[in-house]
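The lines below spell out each chain.
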Amino acid sequence: MPKINGNEIRPGNVLEHNGGLWAAVKVDHVKPGKGGAFAQVELRNLRNGSKLNERFRSADKVERVRLEQKDMQFLYEDSGQLVFMDTETYDQVQLDAEILGERRPFLQDGMTILVEFYESEALNATLPQKVTCTIEETEPVVKGQTAANSFKPALLDNGVRVSVPPFVGPGEKIVVNTETMEYSERA
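Residues numbered from 1 in each chain as written. Predicted model: local features only at pLDDT ≥ 70, side-chain atom pairs only at ≥ 80, totals over all residues. Heavy atoms only, no water.

Labelled according to an unreviewed UniProt entry, the chain appears under the name Elongation factor P, originating from Lutimaribacter pacificus. As stated in UniProt under Pathway (unreviewed entry), the record for the chain gives "Protein biosynthesis; polypeptide chain elongation." Per UniProt, the comment on the chain under Subcellular location (unreviewed entry) is "Cytoplasm". (UniProt positions renumbered as here; feature names shortened; annotations may be inferred.)

Here it is in C-alpha cells:
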C-alpha cells in the first residue's frame, strides 16, 4: 500500500491508522503562529462507525488504502441490514443501514449502488449523485412571488423535506442531489 504524507490527506481518503481502516471525513490544514503546520483530520472508522480526531504533520507517513469498487443492486432491508446483490455473480452482501446516514430515504428498490470492498469485506456504500423523487405535497403558488431564487418547502414520497422552486407542484417528479440533499431539476 502506498504511504502518503500527513499534509496530502484529503476528504474521502481511506487510511490504515492504529490498526483499523478509517475514512477521512473532514480535513483542516492549520498553520499556527508558532511551530510547524499540520492537518487536523476527522476520521470515521469503516468497521464500527466510531469517530476520531487526529493531527498529522507533513513529516508523518500514513498508509493510504485503495478500496475495490463494485456496482451492486439494492434488494431489500432486513432488521437494520441492507442487502445488495452483485449483478454479475449474484453474490449477496449485507451492510448496516446506518452507513448511508441521513441519505438512507433516497435508497430505492432495485437501485444500483457503488459498494466498496477491502479484500473481500464490504465496508461502504455510496448512492448515485442524483435520484428522481415524486413530490407528495407542497404549498400552492402565490401569485406575484416570482423572485429569481424564492423557494417553497415540499414533502417527497420518501418523507424527506426539500425546498423547491414555486413552479413545481404536487405529483411532479424532480431530481434531488443526494450529496447536498437539495432540488436539482425537474425530471
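(A) Molecular detail of the domain arrangement of the chain. Split by domain assignment, the chain resolves into domain 1 (3-65), domain 2 (68-126) and domain 3 (130-186). Each partner contributes residues to the interface: domain 1 has 6 residues there, and domain 2 has 4 residues. A combined buried area of about 480 Å² lies between domain 1 and domain 2, and 56% of that area is made up of carbon and sulfur atoms. Looking only at domain 1, the three residues that lose the most surface to domain 2 are Leu21, Leu46 and Arg47, adding up to 66% of its buried area. Seen at the junction of domain 1 and domain 2, the total is 1 salt bridge. Between Glu121 and Arg47 there is a salt bridge, with the nearest N and O atoms lying 3.0 Å from each other. When its residues are assigned to classes, the side of domain 1 that touches domain 2 shows 3 nonpolar, no polar and 3 charged. (Domains from an automatic or database assignment. Contact = heavy atoms within 4.5 Å. Buried area = accessible area lost by both parts, 1.4 Å probe. Salt bridge = Lys/Arg side-chain N within 4 Å of Asp/Glu carboxyl O. Nonpolar A, V, L, I, M, F, W, Y, C, P; charged D, E, K, R; others polar.)

(B) Region of interest: unusual backbone geometry. Residue Glu119 is not a glycine yet carries a positive backbone phi of 55 degrees. If you trace the backbone, Glu119 turns up in the loop between β10 (112-118) and β11 (121-126). Here Met181, not a glycine, exhibits a phi torsion of approximately 55 degrees, which is positive. Note that Met181 resides in the loop between β15 (173-177) and β16 (182-186). (Helix = DSSP H or I, 4+ residues; strand = E, 2+ residues; numbered from the N terminus.)

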